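# Observations on chain architecture
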Amino acid sequence: MSVESNQVEKVIIIGSGPAGWTAAIYAARANLDPLVFAGRPKSVPTTILPGGQLMMTTEVENYPGFPEGVTGPKMMSYFEQQAVRFGTRIVTDKGLNPDVSDPDDGHSYSYHDCKSVDLSKRPFVVAGEDDKEYLTHSLIIATGATANWLGLENEQRLARTGGGVSACAVCDGALPVFRDQELAVVGGGDSAVEEATYLTKFASKVYMIHRRDELRASKIMAQRALDNPKIDIQWNKKVADVLGDEKIFAIELEDTQSGERSTLDVGGLFMAIGHTPATEFLEGQLDLDDKGYLKLADSYRTATSVEGVFGAGDVVDSVYRQAITAAGMGCKAAIDAERWLGDQGIE
Ligand code: NAP
């Protein structure tokens, strides 16, 4: 490893979803000259994507300020352009100041991942790709949490192309394409019940596909699903295949006890089988909860267990997981970092 330069950054931001870019916008406007590790696109969408979960979302209709809706990738591109406009630098294979002005044509550079951080010394050391290390006084972690997927080929393809497969009913369920359809939600936890209940507002019927004969959801939530006449729980079933070319029209189910296969016609499929926060690289350095989410020292602020390190977005939030809440936390993290740096006499 070589230290990229002797320069000590005021703030490095890791992550490029709504939280990361919003932190960058605020930090840049506060003259903190932020440096962002946006992460690298991965072929499998269960890993960190630059732009975060919204890169898997086709139409975003619930983010204020876009009355006609906007695609997830476009929205993240706007966030990025806004951050760069105020002087945010991004670590890429083409240097720290890529041209982000024409994202529709695709970027001519690759973003870099942060490989590891060393928070045991000050300034902190952030290791990127190409054996480069960056020094920083403060750090904002906004690496997000990725929705878990079943890993079926057609599931992934249709999720990427707007083919009626999604991992967020609250984000996508109200789209016209899902109205008055029979839909399916996979999972038996609180999220699955919440998403299924939400979908009953638009769908004609919602199947919950659960691999056991008992829900994992809390009693009160489970009862809500059982009492809802529009929810039909398919017990002991797993999704063996997703059927559809441009759009899903059915799922193939396998009985987890008998192995028997059956086909269920549905116009949409929603995954609710948990999320995985992107915190592996932080293990042993920052306090994480038992599910791997980054713990905040005080739920109202964004400080973590190490002074000068702040957390924002889905990496600290297993409850709301919305672009707008992540962006709000990114703003808070940048303000917290600015104030902390000021308290240390670092202007
Ligand atoms: P969760 O509690 O971990 O539940 C995940 C569900 O997905 C489980 O039913 C699990 O089945 C199923 N599952 C996991 N992997 C699967 C696979 N490969 N194939 C098929 N099914 C699979 O996750 P969550 O529901 O997202 O909840 C996360 C946390 O947030 C929980 O603590 C929850 O209480 C909380 N939460 C609370 C609320 C609320 O109170 N309003 C709402 C949402 C979430 P098994 O049961 O067989 O393991």
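Up top you'll find the structure we're talking about.
Residues numbered from 1 in each chain as written. Predicted model: local features only at pLDDT ≥ 70, side-chain atom pairs only at ≥ 80, totals over all residues. Heavy atoms only, no water.

As a further point, take the pairing of strand 16 (residues 261-265). Pairing analysis gives five bridges linking strand 15 (residues 248-255) to strand 16, with the strands arranged antiparallel. Across the sheet, residue Ala250 finds its bridge partner in strand 16, namely Asp265. (Pairing = 2+ DSSP bridges. Helix = DSSP H or I, 4+ residues; strand = E, 2+ residues; numbered from the N terminus.)

What follows concerns the nonpolar core. Grouped together as the largest cluster of nonpolar side chains are 55 residues, with contacts concentrated most on Ile14, Trp21, Met75, Val117, Leu139 and Ile141. Here this core takes nine residues from helix 7 (residues 323-343), the largest share from any one element. Excluding residues that lie within four positions of it along the chain, Leu139 makes contacts with Ile12, Ile14, Val117, Leu119, Phe124, Val126, Gly308, Val309 and Phe310. Residues Ala169, Leu183, Ala217 and Ile231 belong to the second largest nonpolar core, which totals 21 residues. (Core = buried A, V, L, I, M, F, W, Y, C linked by side-chain atoms within 4.5 Å. Buried < 20%, exposed > 50% of the residue type's maximum accessible area, 1.4 Å probe, protein only. Contact = heavy atoms within 4.5 Å.)

With that settled, consider the packing of helix 1 (residues 18-29) against helix 2 (residues 72-85). Relative orientation of the contacting elements helix 1 and helix 2 amounts to 20°, with a least axis distance of 8 Å. Relative to helix 2, the element helix 1 is oriented roughly parallel. For the element pair helix 1 and helix 2, the recorded crossing hand is left-handed. Residue-level inspection shows Pro18, Trp21, Thr22, Ala24, Ile25 and Ala28 of helix 1 in contact with helix 2, the latter providing Met76, Phe79, Glu80, Gln82 and Ala83. Taken together, the residues of the contact of helix 1 with helix 2 break down into eight nonpolar, two polar and one charged. (Axes fitted to C-alpha atoms, helices over the stretch in contact; angles between N-to-C directions. Parallel < 35°, antiparallel > 145°, perpendicular 65-115°, else oblique. Left-handed = near helix turned anticlockwise from the far one by under 90°. Nonpolar A, V, L, I, M, F, W, Y, C, P; charged D, E, K, R; others polar.)

What follows deals with the site of the ligand. In the vicinity of the ligand, 16 residues are found, and the nearest of them are Asp190, Ser191, Arg211, Arg212 and Arg216. The side chain of Glu194 places a nitrogen or oxygen atom 2.9 Å from a nitrogen atom of the ligand. Measuring from an oxygen atom of the ligand, one finds a side-chain N or O atom of Arg212 at 2.7 Å. Computed on the free molecule, the ligand has an accessible area of 910 Å², of which 70% lies beneath the protein chains in the complex. The element best represented in the shell around the ligand is helix 5 (residues 190-199), accounting for three residues. (Near = heavy atom within 4 Å. Polar contact = N/O pair within 3.5 Å; in protein donor to acceptor, adjacent residues only side chain to side chain. Areas by Shrake-Rupley, 256 points an atom, 1.4 Å probe, with all protein chains shown as cover.)

On to the sheet that holds strand 11 (residues 182-186). An order of 10-17-11-12-13 is seen for the five strands of this open sheet, with the pairing classed as parallel. Two strands in the sheet have a free side with no partner beyond their single neighbour: strand 10 (165-166) and strand 13 (231-234). The sheet contact formed by strand 11 and strand 17 (residues 268-271) spans four bridges and is parallel. When the sheet's bridge partners are listed, Ala184 is paired in strand 17 with Leu269.

In a packed pair of helices, the relevant descriptors are the angle between the two axes and the axis-to-axis distance. As a packed pair, helix 1 and helix 7 sit with axes 7 Å apart at the nearest point and diverge in direction by 35°. At the point where helix 1 passes helix 7, the crossing takes the right-handed sense. Taking contact as the criterion, the partners of Pro18, Ala19, Thr22, Ala23, Tyr26 and Ala27 in helix 1 are, on helix 7, Ala323, Ala326, Ala327, Gly330, Cys331, Ala334 and Ile335. Broken down by class, the residue content of the contact of helix 1 with helix 7 amounts to eleven nonpolar, two polar and no charged.

We now examine helix 7. Counted at 1.5 Å a residue, the expected span for helix 7 with its 21 residues is 30 Å, and the 30 Å between its end C-alpha atoms agrees. Taken together, the buried positions of helix 7 are Ala323, Ala326, Ala327, Met329, Gly330, Cys331, Ala333, Ala334, Asp336, Ala337, Trp340 and Leu341. After helix 7 finishes, the residue Gly345 shows a positive phi value of roughly 80°. (Expected span 1.5 Å × (residues − 1).)

Right, let's talk about the side chain of Ser166 for a bit. If you trace the backbone, Ser166 turns up in strand 10. A distance of 2.9 Å separates a polar atom in the side chain of Ser166 from the backbone nitrogen of Cys168. Beyond its immediate chain neighbours, meaning those up to four positions away, Ser166 contacts Trp149, Asp172, Leu269, Phe270 and Met271.

Before going further, it helps to spend a moment on the packing of aromatic side chains. Under the definition given, this model contains six aromatic pairs. Here the aromatic rings of Tyr63 and Phe79 are separated by 5.8 Å at their centres, their planes lie at 70°, and the arrangement is edge-to-face. Taken together, the positions of Tyr63 in the loop between strand 3 (59-60) and strand 4 (70-71) and Phe79 in helix 2 put the pair 16 residues apart, joining distant regions of the chain. Like Phe79, Tyr63 is buried. Measuring from ring centre to ring centre gives 5.4 Å for Tyr198 and Phe202, while their planes differ by 70°; the resulting arrangement is edge-to-face. Site record: aromatic cluster; members linked through ring pairs are Tyr63, Phe66, Tyr78 and Phe79. The cationic tip of Arg29 hangs over the ring face of Phe86; the distance from NZ or CZ to the ring centre is 4.7 Å. Positioned above the aromatic ring of Tyr300 is the side chain of Lys332, whose terminal nitrogen or guanidinium carbon lies 5.1 Å from the ring centre. (Phe/Tyr/Trp six-rings, centres within 6.5 Å; stacked < 30°, edge-to-face > 60°. Lys NZ or Arg CZ within 6 Å of the ring centre and 35° of its normal.)

Nothing here speaks to function; it is all geometry.
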